[in-house]
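One-letter residues, chain by chain:
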Amino acid sequence: MFKNLFLFSLLLTLSASVAQAKASDYAYFGFEPDIVTNYVAVKKKMGYVRLTVELMVEGDNLTIVEHHSPLLRDAIINIIGQQSEAKVKSIKGRAEIQLACEEQVKELLIKETGEPLIKKLLFTQWLDN
């Protein structure tokens with residue numbers, strides 16, 4: 001019984017170290033300052049969004065992504081600026097906007113560097129009016 005318990009704890013420790021190694025293969029890049037932009041509002045009212053965007057960067061590509069951050073920031077602002085008020089204010093719409101931003105960022109990085117370099121684009125804070 002102790003042999004099985006020892007084996008189980010050894011496997012658990014090994015799997016935890018593998019998970020840690022995979023987690024350390026990524027770094028996060030945050031756009032500073034937060035992104036603030038207008039969106040298409042109804043009734044002649046100006047709508048704006050303030051959001052914090054984080055990029056999950058693969059490997060040692062953080063400096064490359066940082067170098068291209070003005071281009072990536074502009075692409076995110078353009079995508080959000082074209083959205084309707086209904087889409088900006090709905091949870092489903094925000095998820096669609098996030099996915100569109102992620103796809104555009106990956107496409108731009110492929111065009112500039114030959115690789116997508118990021119694993120995921122995350123909206124970590126979203127404030128709209």
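What you see is a predicted model; the values in this text were computed from it and never measured.

1. Quick word on unusual backbone geometry
Here is step 1 of the chain: Cis rather than trans, the peptide bond between Glu32 and Pro33 has omega equal to -10°.
Here is step 2 of the chain: Within the secondary structure, Pro33 is located in the loop between β1 (26-30) and β2 (35-39).
Here is step 3 of the chain: In this model, Leu117 sits at a positive phi of 65°, which is unusual for a non-glycine residue.
Here is step 4 of the chain: For Leu117, the location among the structural elements is in the loop between α5 (91-113) and β4 (118-128).

2. As for the nonpolar core
Here is step 1 of the chain: Core analysis: the largest hydrophobic core is formed by 26 residues, its most contacted members being Leu55, Val65 and Ile76.
Here is step 2 of the chain: For this core, the secondary structure elements donating two or more residues are β2, β3 (47-58), α3 (69-81), α5 and β4.
Here is step 3 of the chain: Setting aside residues no more than four positions away along its own chain, Ile76 makes contact with Phe31, Ile35, Val53, Cys101, Val105 and Leu121.

3. Focus: the pattern of salt bridges
Here is step 1 of the chain: Tallying each qualifying case throughout the model produces six salt bridges.
Here is step 2 of the chain: Salt-bridge contacts for Asp128 lead to Arg94; the nearest nitrogen and oxygen are separated by 2.7 Å. With a gap of 34 residues between them, Asp128 in strand β4 and Arg94 in helix α5 connect regions that are remote in the sequence.
Here is step 3 of the chain: Using a relative accessible area of 24% as the deciding quantity, one classes Asp128 as partly exposed.
Here is step 4 of the chain: Judged by relative accessible area, Arg94 falls into the partly exposed class, the value being 22%.

Conventions used here
For every chain, the first residue of its written sequence is number 1, and the numbers climb from 1 along that sequence. Under the rules for a predicted model, residues below a pLDDT of 70 receive no local features and side-chain atom pairs below 80 are neither given nor counted, while totals for whole chains, interfaces and linings still include all residues. Excluding hydrogens and water, the side-chain values take into account all heavy atoms of the structure. We count a stretch as a helix when DSSP gives it H or I for four or more residues in a row; a strand needs E for two or more, and each element gets its number in order from the N terminus. Working definition of a nonpolar core: buried Ala, Val, Leu, Ile, Met, Phe, Trp, Tyr and Cys residues. They are joined through side-chain atoms within 4.5 Å. Whether a residue is buried, partly exposed or exposed follows from its accessible area with a 1.4 Å probe, protein chains only, as a fraction of its type maximum: under 20%, in between, or over 50%, in that order. When checking whether two residues touch, look at their non-hydrogen atoms; a contact exists if any pair is within 4.5 Å. Each reported salt bridge corresponds to a side-chain nitrogen of Lys or Arg within 4 Å of a carboxyl oxygen of Asp or Glu.

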